[in-house]
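Survey of secondary and tertiary structure
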Amino acid sequence: MIRLNDITSRLLSYHPKADTTLVEKAYVYSAKVHQGQVRLSGEAYLSHPLEVAHILTRMKLDVVSIVAGLLHDTLEDTDTELSEIERLFGKETANIVDGVTKISKMQFASREERQAENMRKMILAMATDIRVIMVKLADRLHNMETLGFQPSEKQRMIARETLDIYAPLAGRLGIYWLKSNLEDLCLYYLEPEIYEKIKTEIAERRGFREKFIREVSQILSQELGEAKIKATIKGRHKHFYSIYSKMREQNLSVNQVYDLLAFRVIVNSLRECYEVLGLVHTLWKPVPGRFKDYISLPKANMYQSLHTTVIGPMGQRMEIQIRTWEMDRIAEEGIASHWKYKEGVDGSDRDERQFAWLRRLLEWQKDLKDPKEFMETVRMDLFPNDVYVFTPKGEVKRFPKGATPVDFAYSIHSEVGEKCVGARVNGKMVPLRYQLKNGDAVEIITSTKQQPSKDWLEFVKTSRAKTKIRHWIMRQEKDQSIALGRELLEKGLDQVHLSLRNVIKNEQVAAVAKELSFNTTEDMLANIGYGKVSVNQVIGRLKPKLGIEEEKPSGLVEKVVSRIKRKRPTHGIKIKGVEDMLVRFANCCHPLPGEHVIGFITRGRGVTIHKHNCRHVKDADPDRIVEVSWEPSERDIYVAGLKITSVDKKGILADVTAIMAQKDANIIHAEVKTTVDHKGVSHFTIEVENYRQLQEIMSAIKKVKNVLLVERI
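Quick look at the structure, then.

The rules behind each value
Residues numbered from 1 in each chain as written. Predicted model: local features only at pLDDT ≥ 70, side-chain atom pairs only at ≥ 80, totals over all residues. Heavy atoms only, no water. Helix = DSSP H or I, 4+ residues; strand = E, 2+ residues; numbered from the N terminus. Buried < 20%, exposed > 50% of the residue type's maximum accessible area, 1.4 Å probe, protein only. Contact = heavy atoms within 4.5 Å. Areas by Shrake-Rupley, 256 points an atom, 1.4 Å probe, with all protein chains shown as cover. Arc of directions from axis to C-beta. Polar contact = N/O pair within 3.5 Å; in protein donor to acceptor, adjacent residues only side chain to side chain. Axes fitted to C-alpha atoms, helices over the stretch in contact; angles between N-to-C directions. Parallel < 35°, antiparallel > 145°, perpendicular 65-115°, else oblique. Left-handed = near helix turned anticlockwise from the far one by under 90°. Salt bridge = Lys/Arg side-chain N within 4 Å of Asp/Glu carboxyl O. Pairing = 2+ DSSP bridges. Core = buried A, V, L, I, M, F, W, Y, C linked by side-chain atoms within 4.5 Å. Phe/Tyr/Trp six-rings, centres within 6.5 Å; stacked < 30°, edge-to-face > 60°. Lys NZ or Arg CZ within 6 Å of the ring centre and 35° of its normal.

**A look at the overall build of the chain**
When helices and strands are counted, the chain shows 27 helices and 21 strands. Scored against the burial criterion, the 713 residues of the chain give a buried share of 46%. Taking as baseline every contact in the chain between residues at least 6 positions apart, the subset at least 24 positions apart corresponds to 66%. Summing over all exposed atoms, the chain offers an accessible surface of approximately 38,000 Å²; the carbon and sulfur share of this is 49%.

Structural data, given as structure tokens:
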């Protein structure tokens, strides 16, 4: 078991001025409150906080973090109060212990919701004090190391959660040794057979591997010595989970994975990194596409190194990482390498960049209510496959692989994203679906007439763009539904001879909205527009509030007669497989009964009826097209537009309007103009019953003397 002296000794090794008395005080307190408690392994419970504190010293964290590690389970597993922790060990320690406890206590209905909320709490905690998550990661590592004492079902559940949430977080914070340990432990519990195969394969090739490492190290040392470059060379086999990932990605068996070995060359200067790279590529042939320069373009967590894969001795593939000692320290310690020990050191630009991703996630998650959507956001940022592009000013921006100019536009500002109509990449126009590539120089073109499209959701990659587009669409659709709902309600009120000066602000209408369980009148109007609430339902509740009594048939016979006489309202349209759907006719093509028509589902506006060859539905989403047919109706009338071109002579207008009257068509609008070449152009908007009636009218008008052309518009 880890002893207190092991913790304080390691703490003093990297922080000689550390006040170990507070650590000793926390040890004594933890031992007292956990006295008599044991773990599933049979060990005293105190062994766990000691191990967690020891892991935190490996991360090279400050005294407050170590103290919090010793106390992290006191609130959850003992009678200790938060106020007592604050009184004895200070507010900082209390806040960290409280944050870790809150993360551990989260319980939700489903695994996905639980993970989403856990991530939400962790991110909130990180935004206030990053040490909360550092202590939680140390706690999770030791729990994974002792997971064998849990039931098998719980082993898999904890391992899956660790692999999905905690291991990626460790990697995002740059603590790669912790990430690798967590991943290997998860593999042991989730894929035990594969784990054993990898372990056996590595054990069988141990002798060959050690000989190979010695040979490569000797060759490199000799070459570097001749170039007068001082370097430390380390060789190792890759972590089990890394090997497993390669097997899964490339569909290989264990013995087919050749590049199991990795070497690290650590030098004193940046210039020497690139010199070593040149020597390595001179010695051994590089594998195309396997070189990565994380020095020029560091990862988001500030990791820097050169990575190359070469064909080494005996045709063996091997990865070589080249970095300086400072880069190696950052790679080993991760975020802790930037940590300030509260000695008055001001935050640097480097620290600002380090924590920028935390602030972005915190900002975006505020708008997300759905756990699935939030997990999508988090996963996008936890598993980046980065692409780096340049702004017109030369600033470097990072995006996930597959990101588009729309993602770039939204990263600048929401309004730039909403007004984005195109982009120039490297000086050439590209479509909005274009996938950005490393090194692209991107310039966004905007227009005040542009609006976001639902289709953008099919190709944007960043969570910010997806969230902003969804919110804009929802806002627009709600506004349209409110307007439609208000129009339908006002028409319904007109039919019963009622008129309210301002429907939205009317107190009686607001009271009806409350009765129907809506928070506001606008919510009720939106649902009328969506077709979820009927106008008659609202008017029926509104009349008593206005002092209007309903006229009711007095007896059974009167009720039956009333129902027989009452005609079923109809739009003259039948929609296949759907009942009681809100129907409207398109203003673009004005379809008439008898014409071939189709229906287009518009959220918030029901089904819009178009002529089958209407250009507005030519390229529409086929999933939103529905089959419709005309139903005979004596009551419905429809609007049609006619354009009549004639010689400019007296009496023609009278002849045309007389034909319309004879054919029982009602003229609701007319406009007549005379052209410079002495032609008369008349536009009529008329009401007809069906397409046949319109054809009869057009045929009769064509026969009028001096009429040159009759068109439907």
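Here the narrative resumes, following the displayed structure.
**Re helix 22 (residues 507–515)**
Every buried residue of helix 22 is accounted for by Val509, Val512 and Ala513. Projected onto a plane normal to the axis of helix 22, the buried residues spread over an arc of 105° and lie on a single side. The exposed residues of helix 22 that point more than 90 degrees off its buried face are Glu507 and Lys514. Just beyond helix 22, the residue with positive phi is Ser517, at close to 70°.

**Some details on unusual backbone geometry**
Although it is not a glycine, Lys60 adopts a positive phi angle of roughly 65°. Relative to the elements of secondary structure, Lys60 occurs in the loop between helix 3 (47–58) and helix 4 (63–71). Overall, the relative accessible area of 31% leaves Lys60 in the partly exposed class. Phi is positive for Asn706, which is not a glycine, with a value near 75°. Looking at where Asn706 falls in the secondary structure, it is placed in the loop between helix 27 (691–702) and strand 21 (707–712).

**Observations regarding the environment of Tyr166**
You can see Tyr166 is positioned in helix 10 (residues 152–172). For the pair Tyr166 and Leu178, spaced 12 residues apart in sequence, the C-alpha to C-alpha distance is 9.7 Å.

**Structural notes on the environment of Gln155**
Looking at the secondary structure, you find Gln155 in helix 10. Separated by 31 residues in the primary sequence, Gln155 and Cys186 have C-alpha atoms spaced 9.1 Å apart. Beyond its immediate sequence surroundings of up to four residues, Gln155 is in contact with Leu147, Gly148, Gln150 and Tyr189. Among the polar contacts listed, one links the side chain of Gln155 to the backbone oxygen of Leu147, at a separation of 3.4 Å.

**Focus: the packing of helix 1 (residues 4–14) against helix 3**
The N-to-C vectors of helix 1 and helix 3 enclose an angle of 15°; their axes lie 9 Å apart at closest approach. When the axis of helix 1 is compared with that of helix 3, the two are roughly parallel. Between helix 1 and helix 3 lies a crossing whose hand is left-handed. For the pair formed by helix 1 and helix 3, the contact residues are Leu4, Asp6, Ile7, Arg10, Leu11 and Tyr14 on the first element and Leu50, Ala53, His54, Leu56, Thr57 and Arg58 on the second.

**Section: the environment of Gly485**
Mapped onto the secondary structure, Gly485 falls in helix 21 (residues 463–495). Among the residues examined, Gly485 registers a relative accessible area of 0% and is labelled buried. Measuring from C-alpha to C-alpha, the distance between Gly485 and Ser534 comes to 9.6 Å, with 49 residues separating the pair along the chain.

**Some thoughts on the pattern of salt bridges**
In this structure the tally under the stated criterion is 16 salt bridges. Residue Arg3 pairs with Asp6 through a salt bridge whose shortest N-O separation is 3.8 Å. Given the relative accessible area of 54%, Arg3 is considered exposed. Judged by relative accessible area, Asp6 falls into the partly exposed class, the value being 24%. Between Glu92 and Arg131 there is a salt bridge, with its nearest N and O atoms 2.8 Å apart. Here Glu92, found in helix 7 (residues 91–105), pairs with Arg131, found in helix 9 (residues 131–145); they are 39 residues apart in sequence, far enough to count as distant.

**Description of the side chain of Arg264**
By secondary structure assignment, the location of Arg264 is in strand 2 (residues 261–267). The contact partners of Arg264, leaving out residues within four places of it in the chain, are Thr232, Ile233, Lys234, Arg236, Gln321, Arg323, Asp328 and Glu332.

**Some details on the sheet that holds strand 16 (residues 625–626)**
What the 4 strands build is an open sheet, ordered 13-15-14-16; its pairing is mixed. With one partner strand each, in any of the chains shown, strand 13 (583–585) and strand 16 form the two edges of the open sheet. For strand 14 (residues 597–602) and strand 15 (residues 606–611), the ladder comprises 6 bridges, and the chain directions are antiparallel. Bridging from a neighbouring strand, Ile601 pairs with Val607 of strand 15.

**Looking at the nonpolar core**
Residues Val23, Met59 and Leu178 are the most contacted members of the largest nonpolar core, which totals 68 residues. Counting residues in hydrophobic clusters, the runner-up holds 28 residues, among them Trp630, Tyr638, Ile697 and Val710.

**A look at the packing of aromatic side chains**
As enumerated under the stated definition, the model contains 9 aromatic pairs in all. Seen from their ring centres, Phe399 and Phe408 are 5.9 Å apart, and the 40° between their planes marks the pair as tilted. Each member of the pair, Phe399 as well as Phe408, carries the same accessibility label: buried. Members of the aromatic cluster, connected to one another through ring pairs, are Tyr188, Tyr189, Tyr195 and Phe240. Cation over ring: Arg58 sits above Trp177, and NZ or CZ is 3.7 Å from the ring centre.

By themselves, these observations are geometric and do not establish any function.
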